[in-house]
Amino acid sequence: MTSTGGRVAVVQGASRGLGLALVETLLERPDIDRVFATAREPDASVGLCTLRARHGSRLVCDRIDVCDEASIEAAAKRIGEAAPRVHWLVNCAGVLHGDGLRPEKRLEDADPERLRRSFEVNAFGPLLVAKHFLSRLRHDESAVLANVSARVGSIEDNRIGGWYGYRASKAAQNMFTRTLAIELRRRASNVVCVALHPGTVATALSEPFRRGIALERIFDPRNAALKLIDVIQSLTPEDSGSFLDWARKPIPW
């Protein structure tokens with residue numbers, strides 16, 4: 001997609017892994033004027049601090065905790081005052097394990113608190129970010145709202161079961177994305193809204209679960225970021241409401 005000038009990008013969940021790689025890659029592009037990187041604790045991210053020292057005012061870091069809507073609303077207001085138009089918004093934050101959370105191997109492992117945490121971060125978070133940033137995406141230039149999803153969130157593609165919380169929360173995220181895309185056709189036709197699967201990325205999120213996956217099928221974060229950006233910049237209005245992988249191949253919902 002194109003715009004009439006330099007673009008502004010927002011990467012939510014940018015403190016490490018794929019989100020951090022997206023920020024770094026976007027800052028290398030001459031067509032991106034400014035990148036806003038948000039995270040729960042942006043100042044604690046060595047990667048973001050390093051990029052900010054290198055790129056100066058082109059990178060602005062802000063705080064968003066996707067489990068705290070007030071923080072999303074406040075950040076959207078601050079970013080909106082600095083950049084009235086946003087052209088790319090990428091939601092990267094996600095949770096699979098850690099802090100007592102782990103993928104369920106069987107039904108007996110299901111726990112209400114862990115399920116709630118998965119849904120808060122993986123499903124509710126991206127929707128609330130879209131809610132508060134929509135006014136910045138609505139303008140007379142093309143824009144993209146991309147939610148980083150996962151193939152395991154595909155109901156049709158589920159062949160081996162397990163991972164109840166992660167699968168279901170990503171499936172819910174996908175439904176939110178599809179539903180939002182339908183609404184945006186009426187309210188903000190300049191916005192292409194999609195779910196994107198980056199493949200297996202060598203990050204802390206996937207590290208415990210990469211055994212048995214061929215090395216050539218594991219992407220380093222920078223490579224994954226480059227692939228996703230290629231997909232994002234190729235999107236057209238007809239792609240809105242799609243679930244695509246890193247190679248731009250459709251994934252069944």
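Above this text is the structure in question.
How each quantity is defined
- Residues numbered from 1 in each chain as written.
- Predicted model: local features only at pLDDT ≥ 70, side-chain atom pairs only at ≥ 80, totals over all residues.
- Heavy atoms only, no water.
- Helix = DSSP H or I, 4+ residues; strand = E, 2+ residues; numbered from the N terminus.
- Rg over C-alpha atoms; globule rule 2.2 N^0.38 Å.
- Buried < 20%, exposed > 50% of the residue type's maximum accessible area, 1.4 Å probe, protein only.
- Contact = heavy atoms within 4.5 Å.
- Areas by Shrake-Rupley, 256 points an atom, 1.4 Å probe, with all protein chains shown as cover.
- 1 Å grid on protein atoms, 1.4 Å probe; cavity = no way out; pocket = protein on both sides within 12 Å on 5 of 7 lines; lining within 4 Å.
- Points joined across faces, edges and corners; volume = space filled by probe spheres on them.
- Nonpolar A, V, L, I, M, F, W, Y, C, P; charged D, E, K, R; others polar.
- Right-handed = clockwise from strand over helix to strand, strands pointing away.
- Pairing = 2+ DSSP bridges.
- Salt bridge = Lys/Arg side-chain N within 4 Å of Asp/Glu carboxyl O.
- Axes fitted to C-alpha atoms, helices over the stretch in contact; angles between N-to-C directions.
- Polar contact = N/O pair within 3.5 Å; in protein donor to acceptor, adjacent residues only side chain to side chain.
- Core = buried A, V, L, I, M, F, W, Y, C linked by side-chain atoms within 4.5 Å.
- Expected span 1.5 Å × (residues − 1).
- Arc of directions from axis to C-beta.
- Phe/Tyr/Trp six-rings, centres within 6.5 Å; stacked < 30°, edge-to-face > 60°.
- Lys NZ or Arg CZ within 6 Å of the ring centre and 35° of its normal.

Draft legend 1. View of the overall build of the protein chain. Looking only at helices and strands, one finds six helices and nine strands in the protein chain. Relative to the globule expectation of 18 Å for 253 residues, the C-alpha radius of gyration of the protein chain, 17 Å, shows essentially globular dimensions. In terms of overall dimensions, the protein chain has a C-alpha envelope of 50 × 40 × 40 Å along the principal axes. Across the 253 residues of the protein chain, 50% fall into the buried class. Across the protein chain, the fraction of contacts at a sequence separation of at least 24, relative to all contacts at a separation of at least 6, is 72%. Of the roughly 12100 Å² of accessible surface on the protein chain, 51% is carried by carbon and sulfur atoms.

Draft legend 2. Main features of the layout of surface pockets. Of the voids in this model, the second largest pocket is the one considered here, and its volume is about 180 Å³. Around the second largest pocket, the lining is made up of ten residues, and of these R102, P103, E104, K105 and W163 lie nearest the centre. In terms of residue class, the lining of the second largest pocket is made up of three nonpolar, two polar and five charged.

Draft legend 3. How the structure looks around unusual backbone geometry. In this model, W163 sits at a positive phi of 55°, which is unusual for a non-glycine residue. Structurally, W163 is set in the loop between β5 (143-148) and α5 (164-187).

Draft legend 4. Quick look at the pairing of strand β6 (residues 191-197). With seven of seven residues buried, β6 is to be regarded as a mostly interior element. With α5 bridging β5 and its parallel neighbour β6, the resulting β-α-β unit is right-handed. As defined by bridge partners, β6 adjoins strand β9 (residues 243-245) across three bridges and the pair is classed as parallel. Looking across to β9, one finds that L196 is bridged to L244.

Draft legend 5. Just the pattern of salt bridges, in detail. For the structure on display, the rule yields 14 salt bridges. Between E28 and R222 there is a salt bridge; the shortest N-O distance is 2.9 Å. On the criterion of sequence distance, the pair formed by E28 in the loop between α1 (17-27) and β2 (32-39) and R222 in helix α6 (residues 221-234) is long-range, its members being 194 residues apart. The shortest N-O distance in the salt bridge between D239 and R248 comes to 2.6 Å. Overlapping salt bridges bring together R7, R29 and D31 as one network.

Draft legend 6. Expanded view of the sheet that holds β2. Across the sheet, seven strands lie side by side as β3-β2-β1-β4-β5-β6-β9; this open sheet has parallel pairing. Each edge of the open sheet carries a strand with a single partner, namely β3 (59-63) and β9. In this sheet, neighbouring strand axes are inclined to one another by 20° on average, regardless of whether the strands run parallel or antiparallel. Bridge analysis of strand β1 (residues 7-12) against strand β4 (residues 88-91) gives four bridges, and the strand direction is parallel.

Draft legend 7. Quick peek at the side chain of S45. Assignment of secondary structure puts S45 in the loop between β2 and α2 (46-55). A polar contact of 3.1 Å, which involves the side chain of S45, links it to the backbone nitrogen of L48.

Draft legend 8. Inspection of the nonpolar core at higher detail. If you look at the biggest cluster of nonpolar residues, it comprises 36 residues, and the most contacted ones within it are L22, V23, L26, L59, W88 and L196. Looking at this core element by element, the count peaks at seven residues for α1. V23 has contacts with V11, A14, V35, A37, L48, L51 and L59, leaving out every residue within four places of it along the chain. Residues I72, I79, A83 and A130 belong to the second largest nonpolar core, which totals 28 residues.

Draft legend 9. Quick look at α6. The end-to-end C-alpha distance of α6 is 20 Å, a good match for the 20 Å that 14 residues give at a rise of 1.5 Å each. Residues of α6 that are buried include every one of A224, A225, L228, I229, V231 and I232, and no others. For α6, the angular spread of buried residues about the axis comes to 160°, placing them on one side.

Draft legend 10. Up close: the packing of aromatic side chains. Under the criterion given, the structure shown has four aromatic pairs. Judged by centre distance (4.8 Å) and plane angle (80°), the ring pair of F219 and W246 falls under edge-to-face. Of this pair, F219 sits in strand β8 (residues 218-219) while W246 sits in the segment after β9, and the two are 27 residues apart along the sequence. What makes F219 buried here is its relative accessible area of 8%. When the ring centre of F219 is taken as origin, the NZ or CZ atom of K227, which lies over that ring, is 5.3 Å away.

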